[in-house]
Amino acid sequence: NDGKDDNLLIKYKPEKPGSIMTILIYDIKGKLIRQLASNVLLASENTFTWDGLTDNHQKAAAGIYIVYAFVYTASGETRHFKKATILSSPLKR
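A quick note: this is a predicted structure, and the numbers were derived from the prediction, not measured.

1. Comments concerning the overall build of the protein chain
Line of reasoning, step 1. Within the protein chain, the regular secondary structure consists of zero helices and six strands.
Line of reasoning, step 2. If you list the helices and strands of the protein chain from N to C, you get β-β-β-β-β-β.
Line of reasoning, step 3. Seen through its principal axes, the protein chain has C-alpha atoms that stretch 55 × 30 × 20 Å.
Line of reasoning, step 4. Within the protein chain, the proportion of its 93 residues that are buried is 30%.
Line of reasoning, step 5. Partitioning the intrachain contacts of the protein chain with sequence separation of at least 6 by distance along the chain shows that 49% fall at a separation of at least 24.
Line of reasoning, step 6. Summed over its atoms, the accessible surface of the protein chain is roughly 6800 Å², and 52% of this surface lies on carbon and sulfur atoms.
Line of reasoning, step 7. Seen as two clouds, the 13 positive and the 9 negative side-chain charges of the protein chain have centres 5 Å apart.

Below you can see the structure in the form of structure tokens.
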């Protein structure tokens, strides 16, 4: 919360209209720490924001996190995406 790089922005443009997305964030041990989006009906362009907080509104520890998203289309297709991100905290002086 220093005003610099405070949020992770996840942008997604679905290939087909009527798609639904869920985004989950896991810590490096595989523990689910945040359900960022749950069965959200997608627009033509979408942006989701993770502020580094857990589902309990606690600040997540600095470290590596896995962003896992899956998209369901109206025709029944499923797409899965997995990306790593790093949550850091400022160095103390």
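2. Some points on the environment of Lys31
Line of reasoning, step 1. Among the structural elements, Lys31 can be located in the loop between β2 (20-27) and β3 (32-41).
Line of reasoning, step 2. For Lys31, a relative accessible area of 56% translates into the label exposed.
Line of reasoning, step 3. In this structure the C-alpha to C-alpha distance between Lys31 and Tyr65, which are 34 residues apart in sequence, comes to 9.7 Å.
Line of reasoning, step 4. Those residues in contact with Lys31 that sit more than four places away from it in its chain are Ile25 and Tyr26.

3. Focus on the pairing of strand β6 (residues 78-87)
Line of reasoning, step 1. As judged from the ten bridges shared by strand β5 (residues 63-72) and β6, these two strands associate in the antiparallel manner. What sits directly across from Val67, in β6, is Lys83.

4. Quick notes on a nonpolar patch on the surface
Line of reasoning, step 1. Judged by side-chain polarity, Ile28, Ile64 and Ile86 come together as a nonpolar surface patch covering roughly 330 Å² of accessible area.
Line of reasoning, step 2. Within the secondary structure, Ile64 is located in strand β5.

5. Brief notes about the sheet that holds β5
Line of reasoning, step 1. Within the open sheet, the four strands sit side by side as β3-β2-β5-β6. Their pairing is antiparallel. Where the open sheet ends on each side, the last strands, each with one partner, are β3 and β6. Across the sheet, the mean angle separating the axes of adjacent strands is 15° when strand polarity is ignored.
Line of reasoning, step 2. Relative to β5, β2 runs antiparallel, the two being bridged by eight bridges. Following the sheet pairing, Met21 is matched in β5 by Val71.

6. Observations regarding the confidence of the model for the protein chain
Line of reasoning, step 1. Looking at the protein chain, pLDDT values average 91 and 91% of them are 70 or higher.
Line of reasoning, step 2. Mean pLDDT values over the elements of the protein chain span from 94, in strand β1 (residues 8-12), up to 98, in β2.

7. Here we look at the side chain of Thr73
Line of reasoning, step 1. Among the structural elements, Thr73 can be located in the loop between β5 and β6.
Line of reasoning, step 2. At 3.1 Å, the side chain of Thr73 and the side chain of Ser75 are in polar contact.
Line of reasoning, step 3. Leaving out residues up to four positions away in the same chain, Thr73 has contacts with Lys16 and Ser19.

So, how was this worked out
- Residues numbered from 1 in each chain as written.
- Predicted model: local features only at pLDDT ≥ 70, side-chain atom pairs only at ≥ 80, totals over all residues.
- Heavy atoms only, no water.
- Helix = DSSP H or I, 4+ residues; strand = E, 2+ residues; numbered from the N terminus.
- Buried < 20%, exposed > 50% of the residue type's maximum accessible area, 1.4 Å probe, protein only.
- Contact = heavy atoms within 4.5 Å.
- Areas by Shrake-Rupley, 256 points an atom, 1.4 Å probe, with all protein chains shown as cover.
- Lys, Arg positive; Asp, Glu negative; His and termini not counted.
- Charge placed at Lys NZ, Arg CZ, Asp CG, Glu CD.
- Pairing = 2+ DSSP bridges.
- Patch = residues over 30% accessible without salt bridge, like charges linked within 9 Å, V, L, I, M, F, W, Y side chains within 5 Å.
- Salt bridge = Lys/Arg side-chain N within 4 Å of Asp/Glu carboxyl O.
- Axes fitted to C-alpha atoms, helices over the stretch in contact; angles between N-to-C directions.
- pLDDT = per-residue confidence, 0-100.
- Polar contact = N/O pair within 3.5 Å; in protein donor to acceptor, adjacent residues only side chain to side chain.

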